[in-house]
Amino acid sequence: MSAGKRGALIIFEGCDRSGKTTQSRLLVELLKSKGIPALPMNFPERSSSIGQVINSYLTNSKDLKDEVIHLMFSANRWEHMNQMKQKLLEGHTLVVDRYSFSGVAYSSAKGLDFDWCYAPERGLIKPDAVFYLRAPPNDLTNRGQYGEERYEKVEFQSRVAKVFDRLCANEASYWHQFDASQPVDELHARIASITEELLPTVATQPLDTLS
Ligand code: 2DT
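Throughout, a residue's number is its position along its own chain's written sequence, starting from 1. Restriction of local features to residues with pLDDT of at least 70 applies here, the model being predicted, together with a cutoff of 80 or more for giving and counting side-chain atom pairs; totals for whole chains, interfaces and linings are based on all residues.

- The protein chain is annotated in an unreviewed UniProt entry as Thymidylate kinase from Drosophila yakuba.
- UniProt positions are given in the numbering used here, feature names are shortened, and annotations may be inferred rather than shown by experiment. Turning to the protein chain, the UniProt record has this under Sequence similarities (unreviewed entry): "Belongs to the thymidylate kinase family."
- UniProt, in the comment section headed Pathway (unreviewed entry), describes the protein chain in these words: "Pyrimidine metabolism; dTTP biosynthesis."

A closer look at the overall build of the protein chain
1) Next: Numbered from the N terminus, helices here are DSSP runs of H or I no shorter than four residues, and strands are runs of E no shorter than two. Within the protein chain one finds 9 helices and 5 strands.
2) Next: Helices and strands appear in the protein chain in the N-to-C order β-α-β-α-α-α-β-α-α-β-α-α-β-α.
3) Next: Relative to the compact-globule value of 17 Å for 211 residues, the protein chain shows a C-alpha radius of gyration of 17 Å, a close match.
4) Next: Dimensions of the protein chain, computed from the C-alpha atoms along their principal axes, are close to 50 × 35 × 30 Å.
5) Next: To sort residues by burial, count the other C-beta atoms lying within 10 Å of each one's C-beta; a count of 20 or more means buried, 12 or fewer means exposed, and anything in between means partly exposed. C-beta atoms are built from the backbone. Here the protein chain, with 211 residues, has 35% of them falling under the buried criterion.
6) Next: When contacts within the protein chain are restricted to residue pairs at least 6 apart in sequence, those whose partners lie at least 24 apart make up 80%. Here the radius of gyration uses the C-alpha set of atoms, whereas the globule reference equals 2.2 Å times the residue count to the power 0.38. Any two residues are considered in contact once their C-beta atoms, placed from the backbone, lie within 7 Å.

Considering the packing of helix 3 (residues 66–78) against helix 5 (residues 100–109)
Each pair of packed helices can be summarised by the angle the axes make with each other and by the distance between the axes.
1) Next: Here the axes come from fitting lines to C-alpha atoms, over the contacting stretch only for helices, and the angles between their N-to-C directions go from 0 to 180 degrees. Between helix 3 and helix 5, the shortest axis-to-axis distance is 10 Å and the interhelical angle comes to 175°. Classified by the angle their axes make, helix 3 and helix 5 are roughly antiparallel. Each of Asp-66, His-70, Phe-73, Ser-74 and Arg-77 in helix 3 lies in contact with helix 5, whose residues at this interface are Ser-100, Gly-103 and Ser-107.
2) Next: For this classification, Asp, Glu, Lys and Arg are treated as charged, while Ala, Val, Leu, Ile, Met, Phe, Trp, Tyr, Cys and Pro are nonpolar and the rest, including Gly, are polar. Looking at the contact of helix 3 with helix 5, its residues break down into 1 nonpolar, 5 polar and 2 charged. The scheme is simple: roughly parallel for angles under 35 degrees, roughly antiparallel for over 145, roughly perpendicular for 65 to 115, oblique for anything else.

A look at the sheet that holds strand 2 (residues 38–42)
1) Next: A pair of strands counts as paired when DSSP detects no fewer than two bridges linking them. One open sheet holds the 5 strands; their spatial order is 2-3-1-4-5, and the pairing between them is parallel. Each having just a single partner strand, strand 2 and strand 5 (175–179) make up the two edges of the open sheet. Shown here is a sheet whose adjacent strand axes are inclined to one another by a mean of 20°, direction ignored.

With respect to the environment of Arg-17
1) Next: By the secondary structure assignment, Arg-17 is in the loop between strand 1 (9–14) and helix 1 (20–33).
2) Next: Between the alpha carbons of Arg-17 and Glu-152 there is a distance of 9.1 Å; along the sequence they are 135 residues apart.

Focus on the site of the ligand
1) Next: Put plainly, near means the residue's C-beta atom, positioned from the backbone, lies within 6 Å of the molecule or strand in question. Surveying the vicinity of the ligand reveals the residues Asp-16, Phe-43, Pro-44, Leu-58, Phe-73, Arg-98, Ser-102, Gly-103, Tyr-106 and Tyr-151.
2) Next: The biggest single contributor to the shell around the ligand is helix 5, with 3 residues.
3) Next: When the residues that make up the shell around the ligand are grouped by side-chain class, the tally is 6 nonpolar, 2 polar and 2 charged.

A look at the confidence of the model for the protein chain
1) Next: Summarising the model, the protein chain shows a mean pLDDT of 93, and 92% of its residues fall at 70 or more.
2) Next: Scored by ipTM, the complex comes to 0.98, with pTM at 0.94. You can read pLDDT as the predictor saying how much it trusts each residue, on a scale of 0 to 100.

Describing the environment of His-80
1) Next: Relative to the helices and strands, His-80 resides in the loop between helix 3 and helix 4 (81–89).
2) Next: By C-beta crowding, His-80 is classed as buried, having 21 other C-beta atoms within 10 Å.

Looking at unusual backbone geometry
1) Next: Here the residue pair Phe-43 and Pro-44 is connected by a cis peptide bond, since its omega of 0° sits within 30 degrees of zero.
2) Next: Note that Pro-44 resides in the loop between strand 2 and helix 2 (49–58).
3) Next: The phi torsion at Asn-60 lies on the positive side, around 70°, for a residue other than glycine.
4) Next: Residue placement: Asn-60 occurs in the loop between helix 2 and helix 3.
5) Next: You will see that Arg-98, though not glycine, has its phi angle at about 75°, which is positive.
6) Next: Among the secondary structure elements, Arg-98 is positioned in the loop between strand 3 (93–97) and helix 5.
7) Next: Looking at Arg-98, the number of C-beta atoms within 10 Å reads 23, which means it is buried.

Some details on the packing of helix 2 against helix 3
1) Next: At their nearest, the axes of helix 2 and helix 3 sit 9 Å apart, and the two run at 140° to each other. For the element pair helix 2 / helix 3, the angle class is oblique. In this structure, helix 2 meets helix 3 at a crossing whose hand is left-handed. Packed against helix 2, whose contacting residues are Ile-50, Gly-51, Val-53, Ile-54 and Tyr-57, the element helix 3 presents Ile-69, Met-72, Phe-73, Ala-75 and Asn-76 at the interface.
2) Next: Here the residues of the contact of helix 2 with helix 3 sort into 8 nonpolar, 2 polar and no charged. Crossings are sorted by hand: turned counterclockwise from the far helix by less than a right angle, the near helix makes the crossing left-handed, and turned clockwise it makes it right-handed.

Printed below as a string of structure tokens:
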């Protein structure tokens, strides 16, 4: 990629088992096959020391107060910001499975205040696009491995879905909502076409922050 052209920050959001991981992998593969530098990432990033605490919490081997784990998820994003900024400015497109919006959705679904949940996310790099894979939580239980981690309960997931809907309405300028129950290749084709339009547009724009 030529000097001065940055990559895009692309985020996949949605409830558990909505297909984010598959779709983000397909998008990275497509971009790479076209010679566009692309890197996959996901949050929580479980390898750092903060990430390891989050992993123990999610696998139910550790209990933490709702506020504490919320701030740890946010800290896990903050600890990766410099590295992400550098990659974007070098021209890499980052395709990220979950970001700040999962933080807000899961914690406010537990009953924490929405604005309190959003506050520590302000100042993080603003995504160029969020692909929100939306599916009725009852559909999601049919997919593999549902129920193994802390949050994989239908009633909880439907509260999470409501917060994602609210975020999608609030942040409509860069959110794209999709029906997650459509065939994988059709969904991929839609996402690919939006991404291919997006990349040249954002390449010369400065990075922005969540506000
Ligand atoms: P994965 O199954 O996608 O690894 O997610 N979560 C995630 C939060 O509660 N807050 C956050 O900030 C993030 C990024 C969503 C593991 C679970 O962690 C939840 C599901």
